[in-house]
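Next come the chains, spelled out residue by residue.
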Amino acid sequence: MTCAACANRVEKRLNRLDGVTATVNFATEKARVSFDGEPLAVEELIAQVEKAGYTAEVPRPPRTGPEPGAEPDDPARPLRDRAAVSLLLSVPVIAMAMVPALQFTYWQWASLALAAPVVVWGALPFHVAAWKNLRLGTATMDTLVSLGVSAAFLWSLYALFLGTAGEPGMTHPFELTIARTDGSADIYLEVAAGVTSFILLGKYFEARSKRRAGAALRALMELGAKEVAVLRGDREVAVPVDRLVVGDRFVVRPGEKVATDGTVEEGTSAVDMSMLTGESVPVEVGPGDAVVGATVNAGGRLVVRASRVGSDTQLAQMARLVEDAQNGKAEVQRLADRVSGVFVPVAIMIAVATLGFWLGVGEPATAAFTAAVAVLIIACPCALGLATPTALLVGTGRGARMGILIKGPEVLETTRRIDTVVLDKTGTVTTGTMALVEVVAAEGEDGDEVLRLAGALENASEHPIAKAVATAAAARGTLPVPEDFANVEGLGVQGIVDGRTVLVGRPALLRERSQPLGEDLVQALKEARNQGRTAVAVGWDGAARGVLVVSDTVKPTSAEAVRSFRELGLTPILLTGDNEAVARTVADEVGIEEVIAEVMPRDKVAVVERLQAEGRTVAMVGDGVNDAAALARADLGLAMGTGTDVAIEASDLTLVRGDLRAAADAIRLSRRTLNTIKGNLFWAFAYNAAAIPLAAAGLLNPMLAGAAMAVSSVFVVTNSQRLHRFGR
């Protein structure tokens, strides 16, 4: 499919079938079909697509990890090569036509040799699409491009071989006078080659942006484990994860990913579930607890019995969520396509009317055809090929230097209408990693000593909370090496540090060892829990000595970013899988009033849909796998570049720096880029529309046509360059 009109055509053809409801997404190139009655055979559906002039196949089931030796297809590569070769050949053709000093004795034949491959091979996609459109009785931009390029080239061949343009020493003098001509001495090769090259350039950027839809799903499926250690009797056997069956028992070592959904049968550990829930604190699991595939074992050795495999796992369900969200997301129509929907048929009718008029009033056939061809040539807007890609190139280049990546032109229009911005908490508003925020020492104890001894012991542990304590303690000085370190399952750690028997962990661990917390420490624990923070107790030599409070900390720039959103007229909402207390504490710190907490990935999508149903246009900012479906469903998805590949691929904009302020900058830059594209498109069409009456009157010579094309192109490029000054 080459444009949104193609998707509509396929959709209409499928919907003609009895009981069929079909939606076709141009971006993902997928059709979703549902049946009211008896399902039809897939072959019947494919046959209908083929009758519309296209091809179709059943999507392959997703597999975890890339296929060995498989190179992903890049649909943009052939277009890139076609555009590069065409541009290389077109530049000298345009230069010779526009600069009389370069017009040597046989320059016109050199132009023909260079332009012919561009018109025949470079413009082949447009010719093929125009032929399909002709067979189906429709017209698109491809039709206009093909007609204009073919008319310019064929008339040039007529002038060279049958007219006087092929004579040695022929020149196109630099004169802007309007005079009627029969066209036998005029060639339009620079128009044919230039239009082809510029439009191909625009198509290349469009194809490159479309690839993101499949990339999101590929990145999601590659999150899963690739191999798994399955228990066969008392022996561990490494097998590919796709050979796992329900009931298999497999081993998950510290640091490994859980291969598939299952239930823990042996061992205890802390499992990082942030991929699924966004919760920054790892979840303690033991025998009988459920674990999810692709989550990470952060602690001890586990033996898990598989309960769901393949397409039944939560990871596969999340992949379907992302795909459903993308398929349901209305593709923004290109501004050029909307205008050309009217412009194309009108231009063709004017050309036909011009030909008929001049023949009817008795003018020579050559003069009549010259006027008609001139209309087609001037109606084919060369600057239109530059309007979007140049603004996008400059805008995205400026954005990249500011830490902002814009996926493609289709996302820009949405930024104008955004009125609500939904912010994921973990990794977006906050750092996403645990850090020590407070040391509460018991009466008579030194807080630094509490942290030093606890940090020395925690330094031997791999638990994320332990790492936060150890990092904070190491920042204040060198840590001693503990002796007799031991992990107390589900409760904490113990060991000897500087001759003292130290305990660090849950309050229950200290109570078991007859070291109950005093009133001041109990109060500190309650306050930490009320704020949604995690507290660990520290004791040694028979007494509780202090409490260490750790939490996911707010990024220092988040509050400023929230103020920027309000200045842009956006309402910020905090959306998180964390509990209400944690969410409210973070929201109060950054200045957000509306909080939606304790939501799972499916609920995040539902929240976005509810806001959209209320009439809001929603931007979503997130970083995790659990945000991917919501990012795809939102009107505008912004992913933190410090987050997962899945979130980045499912989004429309990527914020490289991981700084939330970049989200506000991204919306400002997108709006400015869109305004520039709209200005470019207006002038690209305006130059042509103004010249069409002159062409129809037979008063447009090639030099004037070339000059109009050059002026409009230069204007578009210059207008786009102004984006370099954004943010300075």
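Provided above is the structure to which this section pertains.
Residues numbered from 1 in each chain as written. Predicted model: local features only at pLDDT ≥ 70, side-chain atom pairs only at ≥ 80, totals over all residues. Heavy atoms only, no water.

**Comments concerning a nonpolar patch on the surface**
Then, in step 1: On the surface, V85, V120 and W121 cluster together to form a nonpolar patch covering roughly 260 Å² of accessible area.
Then, in step 2: Take W121: it is sitting in helix 4 (residues 107-122). (Patch = residues over 30% accessible without salt bridge, like charges linked within 9 Å, V, L, I, M, F, W, Y side chains within 5 Å. Areas by Shrake-Rupley, 256 points an atom, 1.4 Å probe, with all protein chains shown as cover. Salt bridge = Lys/Arg side-chain N within 4 Å of Asp/Glu carboxyl O. Helix = DSSP H or I, 4+ residues; strand = E, 2+ residues; numbered from the N terminus.)

**Notes on the sheet that holds strand 21 (residues 594-596)**
Then, in step 1: Read across the sheet, 7 strands follow the order 12-24-23-22-13-20-21 without closing on themselves; strand pairing throughout is mixed. Pairing within the sheet leaves two strands with one partner each, and these edge strands are strand 12 (404-406) and strand 21. Each strand of the sheet is rotated relative to its neighbour by a mean of 20°, with strand direction disregarded.
Then, in step 2: Alignment of strand 20 (residues 571-575) against strand 21, held across 3 bridges, turns out to be parallel. Paired with L574 across the bridge in strand 21 is V595.
Then, in step 3: With respect to the sheet, helix 21 (residues 580-590) is in contact with strand 20 and strand 21, its orientation differing from that of strand 21 by roughly 150°. (Pairing = 2+ DSSP bridges. Axes fitted to C-alpha atoms, helices over the stretch in contact; angles between N-to-C directions. Contact = heavy atoms within 4.5 Å.)

**Side note on unusual backbone geometry**
Then, in step 1: For A294, which is not glycine, the phi torsion reads 80° and is therefore positive.
Then, in step 2: In this fold, A294 is placed in the loop between strand 9 (290-291) and strand 10 (296-297).
Then, in step 3: Assessed through its relative accessible area of 7%, A294 is described here as buried.
Then, in step 4: Here E598, not a glycine, exhibits a phi torsion of approximately 55°, which is positive.
Then, in step 5: Within the secondary structure layout, E598 lies in the loop between strand 21 and helix 22 (601-613). (Buried < 20%, exposed > 50% of the residue type's maximum accessible area, 1.4 Å probe, protein only.)

**Overview of the nonpolar core**
Then, in step 1: V149, I187 and L189 are the most contacted members of the largest nonpolar core, which has 48 residues in total.
Then, in step 2: At the level of secondary structure, the elements contributing two or more residues to this core comprise helix 3 (76-98), helix 4, helix 6 (141-161), helix 7 (189-210), helix 11 (335-360), helix 12 (365-379) and helix 25 (661-696).
Then, in step 3: Beyond its immediate chain neighbours, meaning those up to four positions away, V149 contacts V119, A123, A192, V195 and T196.
Then, in step 4: Membership of the second largest hydrophobic core comes to 46 residues, among which are I406, M640, L660 and L669. (Core = buried A, V, L, I, M, F, W, Y, C linked by side-chain atoms within 4.5 Å.)

These figures come from the coordinates and say nothing about function on their own.
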